[in-house]
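# Structure assessment
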Amino acid sequence: MEAKTLVLALFLLLLLSQSSAFPSRKSRVHKPCKRLVFYFHDVIYNGRNSKNATAAIVGAPAWGNRTILANQNHFGDLVVFDDPITLDNNLHSAPVGRAQGIYVYDKKEIFTAWLGFSFVFNSTEHKGSINFAGADPLMNKTRDVSVIGGTGDFFMARGIATLMTDAFEGEVYFRLRVDIRLYECW
Amino acid sequence: MEAKTLVLALFLLLLLSQSSAFPSRKSRVHKPCKRLVFYFHDVIYNGRNSKNATAAIVGAPAWGNRTILANQNHFGDLVVFDDPITLDNNLHSAPVGRAQGIYVYDKKEIFTAWLGFSFVFNSTEHKGSINFAGADPLMNKTRDVSVIGGTGDFFMARGIATLMTDAFEGEVYFRLRVDIRLYECW
Amino acid sequence: MEAKTLVLALFLLLLLSQSSAFPSRKSRVHKPCKRLVFYFHDVIYNGRNSKNATAAIVGAPAWGNRTILANQNHFGDLVVFDDPITLDNNLHSAPVGRAQGIYVYDKKEIFTAWLGFSFVFNSTEHKGSINFAGADPLMNKTRDVSVIGGTGDFFMARGIATLMTDAFEGEVYFRLRVDIRLYECW
C-alpha cells in the first residue's frame, strides 16, 4: 500500500465511521432508541360518577357548563385528568403509572383536541416522567404528538407518540393506546 | 510523504471533518435548516359573532366572564383557538393549515400571554405538525417562542418562532406573523 | 511504523476522538453546560388580596369556584400566574425576571400539579426566556420538570429543572426553589 492510497482509504474510513456514528440523523428511516406501548383510561366527571371519574371539565365556553361536554364538538371544553396507565387495554389491570395534564377540545366543526400532559412512573420497572404536547385530531385512526422531554429513566428524552383511540363509550369513557418511540436517549 | 507526516495530516483532516459535520453547535451565528413564514388569524367570540369566531374564552378570573375579556389587561383569561393559517396577511386567503391550542393572558399591569399550541398541516405542501410553547410579551414588536417538537414533515423539529402582531382590531380580531426557524431538522 | 499498523493506529485514534467529542451522550453521569438557581413566589387571589396577588384561579371543576381552592386536593383548579423571580428566598428582593404560565391541580387523592410556564428575563444579567413543562408531584421533597426550549441567552436550551417547595403559607402563598441544569447549550 502506498501513502496516497492509504490517505484515500483512511478518508473513506473516516466518512464511513462518521455516518455510522449518527445514522438516525442521516437516514430517511429513523430507528427509535427506545419504544414503549401503554394504554390510558379517561373517565370524565358527568355529575353522577364522582367516585370513578379521573377527569373533570374545568373550563368551558360561554355556551357550555362543567358537567356536560359542550355543543359544537365540545369546542372550548378544557379537561384536567389523572388517568391510570396500564400495559394492556383493561381498565381494571394494575396501573403502572398515571397520565396527568390537560386537554382541550379546539374545533367547532369536528372533534379535535390539544394535549399537554405527562406520564408519571414510580415503579420498579420505570421511575421518572415523559412529557408530551401536541395536536390530537382524534377522528383520525392514528395521530402523532411530540415527546418534548423526560426525567429520571427518561432523562432528556425526545420522540414521537402515536395515539390511537382504543375504545370510546358514550361521552364518559375513552381509552387511548400510546405507542412511544424515543429518538433521543441519553 | 513519511508515516509521521501522514499521521499528523490525517489527524488534522479528522478534526476538520468533525467540526464541519456539526457547525451549528459551534458557531455563534446559527443558520436555520428550515425556515417558514405564516400568518394566523384569531377571531374571539364576543357573544355576537358565533359564526365567524375561531376562538373562545373558556377560563376567566373571579372578576371576569366568558364573553368579555377581563379588566386588568385580561389577566387570567384563557382562550382556546382553532385559527386559520395563511401564506399572506389576508384573512380570506385559502388556509394552508390550522393553528390550534391555548393562550392565557398572564399579567395585570400590561398585556402579556403564554402560549401552548400547534400548527397542523394536511396539504400537498406540508403534512404534519409543529408544536410551540412560550411566553408572548405582546407589547414588544417581536417576541420569540420555542418550537418544542414536530411530527410528519416536521419530524423531531426544534427551533425558534418569532411572533409579530400584524394587525389588531378592537378586542375581537388579531393577526400574527410567525417566522419559524428550525435549527434541528431530521 | 508499517502501513498496516498505521491504519490500525489511526482507526483507534478516530474512535477515541469521536467518543470524546460527545461525552455527555455516552457517560452515565451528565454534566450540565449551564446551571442556574432561582426562587419564585406565588400569591394566589382569594377575594381579598387583589393588590398583592400574582396568580388567580381561572378554571375550576363543577364543585369548585374561582376564589377558594377546591376540595379533593384542589383537583381541577387551573391557575394563571405572573410570579416574581428572585435570586434568594426573600419575596421582597428585587425581581430578576417573571415566571409566567399555568398550573393545574390534577389529582383527587393527594396534591399534584401539572405545569406549563416560562421564565422571562430582561435584565443586564439575562435576556431571553426558558420554557418548562412537566408533572409536579408537589408532596415530594424534590421533583423534576423538563426544560423544553429557550430563547435569547437561552437559545435552544434543553435540560432539567428540579423544583423544591421552599415555603408554603396557608393556601395563599408558596415559594419554589428552581435548580435549572441545561444539558444542551448552543
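Residues numbered from 1 in each chain as written. Chains lettered and ligands numbered in written order. Predicted model: local features only at pLDDT ≥ 70, side-chain atom pairs only at ≥ 80, totals over all residues. Heavy atoms only, no water.

Chain A carries the name Dirigent protein in an unreviewed UniProt entry, which gives Salix koriyanagi as its organism. Taken from UniProt, the Function (unreviewed entry) comment for chain A reads in full: "Dirigent proteins impart stereoselectivity on the phenoxy radical-coupling reaction, yielding optically active lignans from two molecules of coniferyl alcohol in the biosynthesis of lignans, flavonolignans, and alkaloids and thus plays a central role in plant secondary metabolism." (UniProt positions renumbered as here; feature names shortened; annotations may be inferred.)

### Structural notes on the pairing of strand 6 (residues 127-136) of chain B
Residues and elements named next belong to chain B. Counted residue by residue, strand 6 has 9 buried out of 10 residues, so it is predominantly covered. Relative to strand 6, strand 5 (residues 113-122) runs antiparallel, the two being bridged by 10 bridges. Paired with Phe121 across the strands is Gly128, a residue of strand 6. Two elements, strand 6 and strand 7 (residues 142-152), share 6 bridges in a ladder whose sense is antiparallel. Paired with Phe132 across the bridge in strand 7 is Val147. (Buried < 20%, exposed > 50% of the residue type's maximum accessible area, 1.4 Å probe, protein only. Helix = DSSP H or I, 4+ residues; strand = E, 2+ residues; numbered from the N terminus. Pairing = 2+ DSSP bridges.)

### Notes on unusual backbone geometry
Positive phi, close to 55 degrees, is recorded for B:Gln72, a residue that is not glycine. The residue B:Gln72 is located in the loop between strand 2 (55-59) and strand 3 (78-86) in this model. The class of B:Gln72 is partly exposed, set by a relative accessible area of 36%. Phi at C:Asn73 takes a positive value of approximately 55 degrees, unusual for a residue other than glycine. Its place among the elements puts C:Asn73 in the loop between strand 2 (55-59) and strand 3 (78-86).

### Describing the state of the cysteines
Residues and elements named next belong to chain B. As enumerated under the stated definition, the model contains 3 disulfides over all chains in all. In this model, Cys33 is linked to Cys185 through a disulfide, with the two sulfur atoms separated by 2.0 Å. Measuring the twist about the S-S bond at about 85 degrees, one finds the Cys33-Cys185 disulfide to be right-handed. Taken together, the residues Cys33 in the loop between helix 2 (23-26) and strand 1 (34-43) and Cys185 in the segment after strand 9 (173-184) connect sequence positions 152 residues apart. With relative accessibility at 31%, the residue Cys185 sits in the partly exposed group. (Disulfide = S-S within 2.5 Å.)

### A few points about the environment of C:Gln72
Taking the C-alpha atoms as reference, C:Gln72 lies 6.6 Å from C:Glu109; in sequence the two are 37 residues apart. Not counting residues up to four positions away in its chain, the partners in contact with C:Gln72 are C:Trp63, C:Lys107 and C:Lys108. (Contact = heavy atoms within 4.5 Å.)

### A few points about the nonpolar core
In this structure, A:Leu78, B:Leu78 and C:Leu78 are the most contacted members of the largest nonpolar core, which totals 38 residues. With sequence-adjacent residues up to four places away left out, A:Leu78 is seen in contact with A:Ala56, A:Ile57, A:Val58, A:Gly59, A:Ile102, A:Tyr103, A:Val104, B:Val58, B:Leu78 and C:Leu78. (Core = buried A, V, L, I, M, F, W, Y, C linked by side-chain atoms within 4.5 Å.)

### Re the pattern of salt bridges
Opposite charge on two side chains permits pairing when their charged atoms draw close. Under the definition given, this model contains 24 salt bridges over all chains. One salt bridge connects A:Arg98 with A:Asp82, and the closest N-O pair in it is separated by 3.1 Å. One end of the pair, A:Arg98, is in strand 4 (residues 97-105); the other, A:Asp82, is in strand 3 (residues 78-86), and 16 residues separate them in sequence. One salt bridge in this structure joins A:Arg158 and B:Glu184, with 3.4 Å as the shortest N-O distance. In this pair, A:Arg158 is assigned in strand 8 (residues 158-169) and B:Glu184 in strand 9, connecting two distinct chains. For B:Glu184, a relative accessible area of 2% corresponds to the buried category. Here the salt bridges do not stand alone but share partners, grouping A:Arg158, A:Glu184, B:Arg158, B:Glu184, C:Arg158 and C:Glu184 into one network. (Salt bridge = Lys/Arg side-chain N within 4 Å of Asp/Glu carboxyl O.)

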